[in-house]
Every structure is written in structure tokens, then in C-alpha cells.
Amino acid sequence: MTHSQNDPQITEGIKYAGSKRLLIPHILEMVRSVNVSHVLDGFSGTSRVSQALAKSGYQVTANDISIWSETFGLCYLCNDKPPQAYEGLISHLNHLKPISGWFTEHYGGHENGGVSVQSDGCKKPWQIHNTQKLDAIRSEIDRLNLTPIERAVALTSLILALDAVDNTLGHQAAYLYRWAPRSYHPLTLRIPQTFVAVKENFVSRANIFDVLPHTVVDLAYFDPPYGSNNVKMPSSRIRYAAYYHLWTTICLNDFPPLFGKAKRRQDTSDLASASIFENFRQNPSGHFIAVEAIRNLLQNTRAKWIILSYSSGGRATAEELNDVMKEVGVLRKVKEISYRKHAMAEMTSTGNWLHDAQTPNREFLFLLEKE
């Protein structure tokens, strides 16, 4: 096993607006400060935090509502083979003859003098030479008699390869007007940086509130979607599910009904896919629904320790979030990162974060001990 496969600081994932890649060393430090063995990653996303925890020897339960997150989880957390075991599969997929299918029809674009706008008036996420390879590879994955883990490895490899040649700024609610330089590169699959975990891990795809009642762990890490605290944000704002709708379709290969110029899945519309943690509305008592969701999340967690990630740009105000945590337990540690200053600091007092939270572009890690 190579150093990178062993090193918990080195994880793998796609471009992701909620990525915790830069926070991983600090999350691990906080986890190591308490005596725990089994950790729940309740909103696992690209699974980077779960990967780091599993590489560090913790037993991990990774949960997310997204099927592509479940796919990443199975690939990295449940793999029981060395990377070389997948060489034949990945080589086979790389050498398929390109075909024009559903993905090329809806998401493939010609070079068009450097502009990604096509004859239908829409910008495209990939050049046609890569969607033709995508069509061939995705069809073949369904045709092959793969185990669930092999299938997850193949789909993860495909998503990573597509992410490397896409024409986006990192999300799929809109595409770039001029083709990104990377979009000209040929789609090439490689073996994901898989590893064999020390302990048995578990992966689920469910609403977190359906997971909590029957999940008992030592520590839970939560990074819920952040509803914006911008009061001018319109009610039709894009949701997290829409940011990565293409990965959902690639995993399901279900040819869904589409809408809009980005050709999003209809089931990622605001009304269909909104998370309660993104809700900008208030309940009848005048409290933000997103804040009440955090309260319920913390109260229903069956763990002694909770680490919560939260942003100064989130729906909950500092005072509201502080009140919620005080109701549930004792705040033992707070760390904050300033993305503008690229600095991380531990609060000398857990109360100091209330002042710092008023400054934009801050993200906080809270270590909470439940009573």
C-alpha cells in the first residue's frame, strides 16, 4: 500500500461547494481529543471526511441522501481489495468504442469556435468527444456482471474522470460560456485511490432523521447544508441536489425528464429537493425552520460527542446556534477558519466565537458533549 493510500490527510473527491478537504486535519484532531471508536458522518457528501476517519482506524457509518455519495462511500469505505484488482475493469472501460446516446444528446457539445453554446441555445457541461465515451462506458457498466463494490468503483472512476474534463465552476446549475481548457482533454478513467479499511464500515442513503433513531455511535460529525442567511435570497434558490444532478443521473442511468437551460432533473427542482436545513422560512413561533432542524438533529443524536460544522453564512445566527447547543450539552471546543485569511485558530474561550461569527467567510467546528 502506498503512502497516499495510507495517509488519512490524503482523500479523493470531486469539485464540491461543501468540501471539507481543508478542514480534515482539524476534524481529525478534534476527534482524536476524545476517546471514541465508532463515528457517524451524517452528511457525508463526497466522503472525504469518512475516508480520513476510516484511514485513521475508526469505524465509520457514512450517510447521505444522494446516491452518488452512497456510491463514493461504497467505493472507498467498503472496498476489500487492493487497487490492482480493478486494473482489468478500468482498462476495459477505457477501451470501449465511443457511441452517441442519451448523454450526448442532452449534455454533449461541439467545439464551436471555443464557445459552449450549441444550436439549441444551451451551454453544455462536456464536449461531445467525452459524452460519447460516457455513453459507451455507462451502458457497459450496466451490462457487466459487477458486484456492488465493483460497480461503485467503476462509477466513482467515471465521475472522477468526468469531473476532470467538465465545463463548470464546480456545480451543475449552470455551465461556462467558453469551453474550459480541461474540457478538450480526453475522458480517461483511472483506478480510484481505494484502501482496505481496518474496521468494518457502513454506508447508507437516507434522510438523517430516519437514520438517527437506530444508529448508536461514540461521536457524530455533522455538516448539514447551509441555508443562506441572505434575507434577499429568493425562494426559488438552487438547492444542493441541483448542484450535482448530473452525478445522480450517471449513477441511476434513468434518463429522467429534464427542465431549464442546464437540463436539470425535474426531481431536483426547488419544491422537489429542498432540504429542511436550507429552508429560509420561519415557523409559526417565529423561529427559522432550518434552526429548528439543527435543534432536532442534535437532540436526537445517539452519541456522547458531536462535532458540528457551520458557516457564518448559514441560516442560523450565532446566537441562535449557541442557544441550541446549550440546550443539548456542553460546548467543549471551538475552532474557526477564515477562508479570507486562510487561517485556523482555536478559541481561547468557547464564547469568543459569538463575536467572530459576525465576520463573513468564517467556518466553525464545534465539539459538543451531550448531557
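Residues numbered from 1 in each chain as written. Predicted model: local features only at pLDDT ≥ 70, side-chain atom pairs only at ≥ 80, totals over all residues. Heavy atoms only, no water.

Draft legend 1. The arrangement of the overall build of the chain in detail. A count of helices and strands for the chain gives 15 helices and twelve strands. Looking at the chain as a whole, 56% of its 371 residues are labelled buried. Pairs at least 24 apart in sequence give 75% of the contacts found in the chain among residues at least 6 apart. Surface exposure of the chain reaches about 16,100 Å², of which carbon and sulfur atoms provide 52%. (Helix = DSSP H or I, 4+ residues; strand = E, 2+ residues; numbered from the N terminus. Buried < 20%, exposed > 50% of the residue type's maximum accessible area, 1.4 Å probe, protein only. Contact = heavy atoms within 4.5 Å. Areas by Shrake-Rupley, 256 points an atom, 1.4 Å probe, with all protein chains shown as cover.)

Draft legend 2. Local environment of the nonpolar core. Formed by 66 residues in total, the largest nonpolar core has its most connected members in Trp126, Leu158, Trp247 and Ile250. With ten residues, helix H8 (residues 148–163) is the single largest residue contributor to this core. Residues Ile294, Val324, Met325 and Val328 belong to the second largest nonpolar core, which totals 25 residues. (Core = buried A, V, L, I, M, F, W, Y, C linked by side-chain atoms within 4.5 Å.)

Draft legend 3. View of the packing of aromatic side chains. Applying the stated criterion across every chain, the model contains twelve aromatic pairs. Ring centres 6.3 Å apart and planes at 75 degrees place the aromatic pair Trp68 and Phe72 in the edge-to-face group. Placement of the pair is Trp68 and Phe72 together in helix H4 (residues 67–77), with a separation of four residues, close to one helical turn. An angle of 90 degrees between the planes, with centres 6.3 Å apart, marks the rings of Phe72 and Tyr76 as edge-to-face. One end of the pair, Phe72, and the other, Tyr76, are both in helix H4, four residues apart, so they sit about a helical turn from each other. Note on Tyr76: relative accessible area 0%, which makes it buried. (Phe/Tyr/Trp six-rings, centres within 6.5 Å; stacked < 30°, edge-to-face > 60°.)

Draft legend 4. Structural context of the packing of H4 against H8. At their nearest, the axes of H4 and H8 sit 8 Å apart, and the two run at 115 degrees to each other. Of the two elements, H4 crosses H8, and the hand of that crossing is left-handed. On the side of H4, the interface is formed by Trp68, Thr71, Phe72, Leu74, Cys75 and Tyr76, while H8 contributes Ile149, Ala152, Val153, Leu155, Thr156, Ile159 and Leu160. The residue makeup of the contact of H4 with H8, split by class, is eleven nonpolar, two polar and no charged. (Axes fitted to C-alpha atoms, helices over the stretch in contact; angles between N-to-C directions. Left-handed = near helix turned anticlockwise from the far one by under 90°. Nonpolar A, V, L, I, M, F, W, Y, C, P; charged D, E, K, R; others polar.)

Draft legend 5. Quick look at H4. Extensive coverage of H4 is indicated by the burial of nine of its eleven residues. Taken as a whole, H4 has its buried residues at Ile67, Trp68, Ser69, Thr71, Phe72, Gly73, Cys75, Tyr76 and Leu77. Contacts from the buried residues of H4 go to helix H3 (48–55), strand E2 (59–64), H8, strand E5 (202–205) and helix H11 (245–252).

Draft legend 6. Local environment of the pairing of strand E6 (residues 219–222). On E6, burial covers both faces: Leu219 and Tyr221 on one face and Ala220 and Phe222 on the other are all buried. Bridge count between strand E1 (residues 38–41) and E6: three bridges; the pairing is parallel. Of the residues in E6, the one forming a bridge with Leu40 is Ala220. One ladder, built from four bridges, connects E6 with strand E9 (residues 305–311); its direction is parallel. Residue Tyr221 lies in a different strand from E9, and its bridge partner there is Ile307. (Pairing = 2+ DSSP bridges.)

Draft legend 7. Inspection of the pattern of salt bridges at higher detail. Within the structure shown, the criterion is met by 20 salt bridges. In this structure, Glu29 and Lys335 form a salt bridge, with 2.7 Å as the shortest nitrogen-oxygen distance. One end of the pair, Glu29, is in helix H2 (residues 24–32); the other, Lys335, is in strand E10 (residues 329–338), and 306 residues separate them in sequence. Within the structure, one salt-bridge network assembled from shared partners comprises Lys15, Asp163, Asp166 and Arg182. (Salt bridge = Lys/Arg side-chain N within 4 Å of Asp/Glu carboxyl O.)

Draft legend 8. The arrangement of the environment of Thr317 in detail. Position of Thr317 among the secondary structure elements: in the loop between E9 and helix H14 (318–328). You can call Thr317 partly exposed: its relative accessible area is 35%. In this structure the C-alpha to C-alpha distance between Thr317 and Val291, which are 26 residues apart in sequence, comes to 8.7 Å.

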